[in-house]
Amino acid sequence: MKEEFKVISKFIQEKSRVLDVGCGDGILMEYLSKNKVVDVRGLEISKEKVKKCLSNGLAVIEGDAENDLKQFPDLSFDYVILSQTLQAFMSPENVIENLLRVGKKVIVTIPNFGHWKVRLDLLLKGEMPVTNNLPYQWYNTPNLHMCTIQDFYNFCNNKRVNIYKSISLNGEKISNITTSNLKYKNLISELGIFLLEK
Amino acid sequence: MSDLNKMKNIIIEKTLKLDCGKEISNFPLAYETYGNLNEKKDNAILIFHALTGDQYASGINPITKKEGWWNYAVGPGKSFDTDKFFVICANVIGGCMGSYGPGTIDPLTNKPIGTNFPVITINDMVNAQYNLLDYLKIEKLFAVAGGSMGGMQVLQFVSNFPNKARVALPIACTSSHSAQNIAFNELGRQAIMSDSNWKEGSYDEKSTNPDKGLAVARMAAHITYLSKQGLQEKFGRNLQERSDLKFGFDADFQIESYLRYQGSVFVDRFDANSYLYITRAMDYFDLTKQFGGNLSKAFKDTKTKFFIISFTSDWLYPTSENKDIVIALNAIGADVGFVEIKTDKGHDSFLLDVPDFLSTIKNYLNTTYSNINERRI
């Protein structure tokens, strides 16, 4: 999703150190390297994807964010990115805590389970929603902890995590999420992008 | 003799102070090169060999007439592409392929030095090889690479000579030799030393070598290079050229016959005293201790790009030990990549045809080399 990368890229200042957690094929890492002067590293659980990244000369280590974030010292990166993977962790709570420990700023993007299509699916069909962004069936989904933009807001409030910026993505439309339009954005956003600070 | 004459070597005149306290000078270091050094002299890769390797990494070894030990990885169009890179490999000191070792003839006695050879370390090996770069007039290496003991040399080299190499590839290795590995090495040494032909190391290479001891050492070590699954799949309980058990101690099983063969061919190409010295050097390797228990300090301020590789079925230098190096590098924000390659070929994987492993290295080196060049322009 190009728009997501654009938003993330805008958040990031030049000459900063960036860690992409769950970097996949390294597309975001390459996008950032091309568009910014940044020192970008990646952590990825899939061997196949890690090999792909390394073949492209990217500094990626094979590992699992739930265990391997521990090795990074406190505040060792200017930005830590978690793009659309929070929902796949056993303990998203611990992961977020670790991200905020390792990064001075943290960028989290979540597929929004509060989107109207998702709500409608469950309401009308009485079935677990399957959408373009969330193409899995309940029995084979890697997504263990789906949440909505509203849920994530509540989580940050409870954990006293400062949401520095929050962006809604709906198709190619990019807009700001504020406390006053939160209910509406939670209904129309496919993706929420958050810049967090401790 | 003509083959020995073809062997490249330099005489290192400069005094080298060894970790044991002794000093050596005017000693030979044998090496081989593959490919060509380009005009900018920025395409050189120094490869370090493992315990029983030598300088002949690629092509046909002119002494043994067998394929070079890293023939899968080094050569035209291969992982270390000699059409593109200038690959250098030296025989470690303590070795037996032309470099200064226990088999070197002492001019005073006209006999091999034997156990009068000083105990050397990985650090000594690396410091000796550094002289080769001066001789070849290479200011900066593109990469240093090696597996197993070769990987240990990579770590030591990068620590001793920061930023002398742009890229470091330590493969299937450790920063600190484990008790289990020391135990296996000790088993090998005891096998050699309990062979009556060893004669406290003063055997005459031409007649009575401690072949039996050395063969047993190799057999034991060879088991540690393979995985249980790999052995089971390759040999299982298959019998060797017989339809039933013979109720004796001949090689009934294929695995027995295979190990005996491995032992017997090894003694033709390797010196027993070298085996003692090199395994000792591996046992003494503890880069973590050298830096007061903090491995990160070994790589302080490094600008080298690290790419660390381990193998799933390697129980001799397991992923966890390779990962310790990754962790130490991440702790100081070094540029590090890491992948564990899935294979059932055990520790030996780095020497074998493991396509995932070979292609990832090839792509990594090629991309990194062109990235560095682009950035410089």
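Computed from a predicted structure; not experimentally measured.

> Could you clarify how one ought to interpret the overall build of chain A in this entry?
For chain A, the helix and strand inventory stands at eight helices and eight strands. Taken over C-alpha atoms, the radius of gyration comes to 16 Å for chain A, in line with the 16 Å a tight globule of 198 residues would show. When the backbone C-alpha atoms are referred to their principal axes, chain A occupies close to 50 × 35 × 30 Å. The buried share of chain A, taken over its 198 residues, is 52%. Restricting to contacts in chain A with at least 6 residues of sequence separation, those with at least 24 account for 66%. When the accessible area of chain A is evaluated, it comes to approximately 9700 Å², of which 51% is carbon and sulfur surface.

> Explanation requested: the domain arrangement of chain B in the structure shown.
Residue and element names in this part refer to chain B. Annotation of chain B at the domain level lists domain 1 (2-176 + 287-376) and domain 2 (182-278). Each of domain 1 and domain 2 has a C-alpha centre, and the two are 26 Å apart. Contacts between the two partners involve 25 residues from domain 1, matched on the other side by 24 residues from domain 2. The junction of domain 1 with domain 2 conceals about 2100 Å² of combined surface from both sides, 61% of it contributed by carbon and sulfur atoms. Counting the surface domain 1 buries against domain 2, the share from its top three residues, Leu51, Thr52 and Trp315, is 28%. On the surface where domain 1 and domain 2 come into contact, there are zero salt bridges. Residue composition of the side of domain 1 that touches domain 2, by class: 11 nonpolar, 11 polar and three charged.

> Would you mind showing me how to read helix H4 (residues 179-193) of chain B here?
An α-helical turn contains 3.6 residues, so any two residues separated by three or four positions project in the same direction. All names here are of chain B. Between its first and last C-alpha, H4 extends 20 Å over 15 residues, near the 21 Å set by a 1.5 Å rise per residue. Turning to H4, its buried residues are Asn181, Asn185, Gly188, Arg189, Ala191 and Ile192. Down the axis of H4, the buried set is contained in an arc of 160 degrees. They therefore lie on one face. Looking at the buried side of H4, the elements it contacts are helix H5 (211-225) and helix H8 (272-284).

> Can you walk me through the interface of chain A and chain B in this structure?
How big an interface is tends to be stated in terms of the accessible area lost upon association of its parts. Counting residues at the interface gives 18 residues for chain A, matched by 25 residues for chain B. With both sides pooled, the region where chain A packs onto chain B buries about 1700 Å², and carbon together with sulfur makes up 52% of that total. Ranking the residues of chain A by area buried against chain B places Lys51, Leu54 and Gln71 of chain A at the top, with a combined share of 30%. Linking chain A to chain B there are three salt bridges. Notably, a salt bridge pairs Asp356 of chain B with Lys51 of chain A, separated by 2.3 Å at the nearest N-O pair. If you look at where chain A meets chain B, you find 13 residue pairs in polar contact (both at pLDDT 80 or more). The set of elements that each furnish at least two residues to the side of chain A that touches chain B consists of helix H3 (47-55) and strand S3 (59-62) of chain A. Top element by residues in the side of chain A that touches chain B is H3 of chain A. It accounts for six residues.

> Sorry, what's going on with the packing of aromatic side chains here?
Aromatic ring pairs are reported here in terms of the distance separating the ring centres and the angle at which the planes meet. Tallied over the full model, the rule gives 28 aromatic pairs over all chains. With 5.8 Å between their ring centres and 65 degrees between their planes, Phe184 of chain B and Trp315 of chain B make a pair best called edge-to-face. Placement of the pair is Phe184 of chain B in helix H4 and Trp315 of chain B in the loop between strand S13 (305-311) and helix H10 (319-331), with a sequence separation of 131 residues. The class for Phe184 of chain B is partly exposed, based on a relative accessible area of 28%. Using a relative accessible area of 30% as the deciding quantity, one classes Trp315 of chain B as partly exposed. In textbook terms, an aromatic cluster arises when at least three aromatic residues are bridged by ring pairs, as seen for Phe152, Tyr153, Phe155 and Phe194 of chain A. Its guanidinium or amino end placed over the ring of Phe77 of chain A, Arg17 of chain A lies 4.5 Å from that ring's centre, counting from NZ or CZ. Here the basic side chain of Arg218 of chain B rests over the ring of Phe266 of chain B, its NZ or CZ set 4.5 Å away from the ring centre.

The rules we used
- Residues numbered from 1 in each chain as written.
- Chains lettered and ligands numbered in written order.
- Predicted model: local features only at pLDDT ≥ 70, side-chain atom pairs only at ≥ 80, totals over all residues.
- Heavy atoms only, no water.
- Helix = DSSP H or I, 4+ residues; strand = E, 2+ residues; numbered from the N terminus.
- Rg over C-alpha atoms; globule rule 2.2 N^0.38 Å.
- Buried < 20%, exposed > 50% of the residue type's maximum accessible area, 1.4 Å probe, protein only.
- Contact = heavy atoms within 4.5 Å.
- Areas by Shrake-Rupley, 256 points an atom, 1.4 Å probe, with all protein chains shown as cover.
- Domains from an automatic or database assignment.
- Buried area = accessible area lost by both parts, 1.4 Å probe.
- Salt bridge = Lys/Arg side-chain N within 4 Å of Asp/Glu carboxyl O.
- Nonpolar A, V, L, I, M, F, W, Y, C, P; charged D, E, K, R; others polar.
- Expected span 1.5 Å × (residues − 1).
- Arc of directions from axis to C-beta.
- Polar contact = N/O pair within 3.5 Å; in protein donor to acceptor, adjacent residues only side chain to side chain.
- Phe/Tyr/Trp six-rings, centres within 6.5 Å; stacked < 30°, edge-to-face > 60°.
- Lys NZ or Arg CZ within 6 Å of the ring centre and 35° of its normal.

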